[in-house]
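# Fold and contact review
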Amino acid sequence: MSRYRIPFNKPACLGHEMEYVSKSLATQHISGDGEYSKRCHSFLEDSLGVRKALLTTSCTHGLEMAALLLQIRPGDEVIVPSFTFVSSVNAFALRGAKPVFADIRPDTLNLDERQLPALITEKTRAIVLVHYAGVACEMDVIMSLARERNIAVVEDNAHGLFARYKDRNLGTFGELATLSFHETKNFTCGEGGALLINDIGLLERAEIIREKGTNRSRFFRGQVDKYTWVDLGSSYLPSDMLAAFLLAQFECASEIQARRREIWLRYDLRLRDWAALNQVQLPTVPDYVEQSYHLYYLILPSVNVRSALIQDLKQRGILSVFHYQPLHLSTMGLGFGGQLGDCPVTEDLADRLLRLPFYYALSPADQDEVIAALLAFTEWQ
Ligand SMILES: *Cc1c(COP(=O)(O)O)cnc(C)c1O
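Rules and cut-offs
Residues numbered from 1 in each chain as written. Predicted model: local features only at pLDDT ≥ 70, side-chain atom pairs only at ≥ 80, totals over all residues. Heavy atoms only, no water. Core = buried A, V, L, I, M, F, W, Y, C linked by side-chain atoms within 4.5 Å. Buried < 20%, exposed > 50% of the residue type's maximum accessible area, 1.4 Å probe, protein only. Helix = DSSP H or I, 4+ residues; strand = E, 2+ residues; numbered from the N terminus. Near = heavy atom within 4 Å. Polar contact = N/O pair within 3.5 Å; in protein donor to acceptor, adjacent residues only side chain to side chain. Areas by Shrake-Rupley, 256 points an atom, 1.4 Å probe, with all protein chains shown as cover. Nonpolar A, V, L, I, M, F, W, Y, C, P; charged D, E, K, R; others polar. 1 Å grid on protein atoms, 1.4 Å probe; cavity = no way out; pocket = protein on both sides within 12 Å on 5 of 7 lines; lining within 4 Å. Points joined across faces, edges and corners; volume = space filled by probe spheres on them. Patch = residues over 30% accessible without salt bridge, like charges linked within 9 Å, V, L, I, M, F, W, Y side chains within 5 Å. Salt bridge = Lys/Arg side-chain N within 4 Å of Asp/Glu carboxyl O. Axes fitted to C-alpha atoms, helices over the stretch in contact; angles between N-to-C directions. Parallel < 35°, antiparallel > 145°, perpendicular 65-115°, else oblique. Left-handed = near helix turned anticlockwise from the far one by under 90°. Contact = heavy atoms within 4.5 Å. Phe/Tyr/Trp six-rings, centres within 6.5 Å; stacked < 30°, edge-to-face > 60°. Lys NZ or Arg CZ within 6 Å of the ring centre and 35° of its normal. Pairing = 2+ DSSP bridges. Domains from an automatic or database assignment. Buried area = accessible area lost by both parts, 1.4 Å probe. Right-handed = clockwise from strand over helix to strand, strands pointing away.

In this section: the nonpolar core. Among the nonpolar cores identified, the biggest contains 32 residues, and Leu70, Val78, Phe92, Leu176 and Ile197 are the most heavily contacted of them. The greatest single-element share of this core, amounting to 7 residues, is contributed by helix H3 (residues 59-69).

Written as structure tokens, this is what we have:
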């Protein structure tokens, strides 16, 4: 058990998860792409308006599929924000690509689209972007630049399921997009993800890559009379028992999102004055964007204040955590030529950002306790 009375995260459990897992077991087909996987695929396709959704074993594996699908090769360059999870870049580095790190916007913490013209070269094959906290990147600018220069866009939408940019769902802009169902995300099956395919020309190879490089999906549909090894691939499909667990959560999507919205708004409303008084920056959500209520963060005045606040909350039994360390300054990032000063906004904000406890089952009383602890904090140095 955690030492924290109020943890940072608890995976949501709405009640029908285990019942669906049992039903999946009863079908005696618990490997991938069974009945529950198909229902998850339809759910995602219908609710998002994507051409095709395929469950994967993780968002990381969805990104690896994207790199294989785009035929990324050694010598190719891929533009990614420095402020993201390692998988957004590692998946492409695995294919031999050189990451080109972009800085983030100081308001939304998303890839700063104003930097793209200077980062694009003849070798740029893809832009991998992250809708941080489920708040959309500036998609109009990014998509028109990418189209003009014939560069693929991959949306790492691990945070942003059901979020929108100007009335269009995130995950429907890029040729490809990925989702995560890791236990820390809004919807979960422990470990899991999805690849969303908007460029339908990529579908046939996606099915092959996901099935160990074989045309097994076509075989099951009766389109070929035996299946064989036709391309590179791996095993990227999750057990149908995990899909069953996930479907139970999808069926409660509006309940989960409504509750998360309440929690987010309560933090935001109750912390407004306190933040202004103490030079704390709260999340920015542009008015043409609908966010996914994935996380609530503070940008504190300094790294020292952040450390003091983490300690203070810890003593009260509350776990708060920081987020991504700049990738261009990681061991691998330095190996790719990253240098201090390359992404000054990322370097600054990564040191000052703090995420507050935020999960479906966070009770109003516990949330009030977190808010009260923040209001009582005095070590502003
Ligand atoms: C969580 C996360 C991932 C990785 O997801 P997994 O499903 O654990 O592989 C990738 N990118 C971002 C932005 C994430 O937040």
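Continuing now.
On to the site of the ligand, then. Lining the immediate surroundings of the ligand are 13 residues, of which Thr60, Asp156, His159, Ser180 and Lys185 lie closest. With respect to the ligand, the side chain of Thr60 contributes an N or O atom lying 2.5 Å from an oxygen atom. Within the side chain of His159, a nitrogen or oxygen atom sits 2.8 Å from an oxygen atom of the ligand. Considering the ligand on its own, with 390 Å² of exposed area, one finds that the protein chains cover 92% of that surface. Taken together, the residues that form the shell around the ligand break down as 5 nonpolar, 6 polar and 2 charged.

Let's shift gears to empty space enclosed by the protein. Taken as a whole and judged by the stated rule, the model has 3 cavities of 30 Å³ or more. Of the voids in this model, the largest cavity is the one considered here, and its volume is about 70 Å³. In terms of lining residues, the largest cavity is bounded by Asn157, Ala158, His159, Gly160, Leu161, Leu179, Ser180, Phe181, Lys185, Asn186, Phe187 and His294. Residue composition of the lining of the largest cavity, by class: 5 nonpolar, 6 polar and 1 charged.

The subject of this paragraph is a nonpolar patch on the surface. A surface patch of nonpolar side chains, about 310 Å² in accessible area, is lined by Phe219, Phe220 and Tyr227. You can see Phe219 is positioned in helix H8 (residues 216-220). Overall, Phe219 belongs to the partly exposed group, its relative accessible area being 30%.

A few words now on the packing of helix H10 (residues 253-277) against helix H14 (residues 364-376). Axis angle and axis distance: for two packed helices, these are the angle between their axes and the distance between the axes, and together they describe the pair. Running from N to C, H10 and H14 point in directions that differ by 25 degrees, and their axes come no closer than 11 Å. Relative to H14, the element H10 lies roughly parallel. As for the relative orientation of H10 and H14, their crossing is right-handed in sense. Within the contact between the two elements, H10 uses Arg259, Ile263, Arg266, Tyr267, Arg270, Leu271 and Trp274 and H14 uses Pro364, Gln367, Asp368, Val370, Ile371, Leu374 and Leu375.

As a further point, take the packing of aromatic side chains. Evaluated as defined, the whole model comprises 19 aromatic pairs. With 6.2 Å between their ring centres and 90 degrees between their planes, Phe43 and Phe162 make a pair best called edge-to-face. Pair noted here: Phe43 is in helix H2 (residues 35-48) and Phe162 is in the loop between strand S5 (152-156) and strand S6 (164-165), with a separation of 119 residues, a long-range link. Aromatic side chains Trp264 and Tyr296 sit 5.1 Å apart centroid to centroid with 65 degrees between the ring planes, which places their arrangement in the edge-to-face category. Residue Trp264 is located in helix H10, and its partner Tyr296 is located in the loop between strand S10 (289-290) and strand S11 (297-299); the two are separated by 32 residues in the primary sequence. Members of the aromatic cluster, joined through ring pairs, are Phe43, Phe162, Phe181, Phe187 and Phe250. The positively charged end of Arg168 is found above the aromatic ring belonging to Phe173, 4.1 Å away from the centroid.

This part takes up the sheet that holds S10. In spatial order, the strands read S7-S6-S10; together these 3 strands make up an open sheet with antiparallel pairing. The open sheet has two edge strands, strand S7 (168-169) and S10, and neither has a second partner. Alignment of S6 against S7, held across 2 bridges, turns out to be antiparallel. Across the sheet, the residue bridging to Tyr165 is Arg168, located in S7.

By the assigned domains, the chain splits into domain 1 (17-251) and domain 2 (253-376). Each of domain 1 and domain 2 has a C-alpha centre, and the two are 25 Å apart. With 42 residues of domain 1 at the contact, the number on the domain 2 side is 34 residues. The largest share of the area that domain 1 buries against domain 2 comes from Phe83, Asp103 and Asn186, three residues that together contribute 19% of it.

Turning our attention to the pairing of strand S3 (residues 98-102). Along S3, 4 of the 5 residues are buried, which leaves the element largely enclosed by surrounding structure. Note: strand S2 (residues 77-81) against S3, 5 bridges, orientation parallel. Paired with Val80 across the bridge in S3 is Phe101. Crossover S2 to S3 through helix H4 (residues 87-93) is right-handed.

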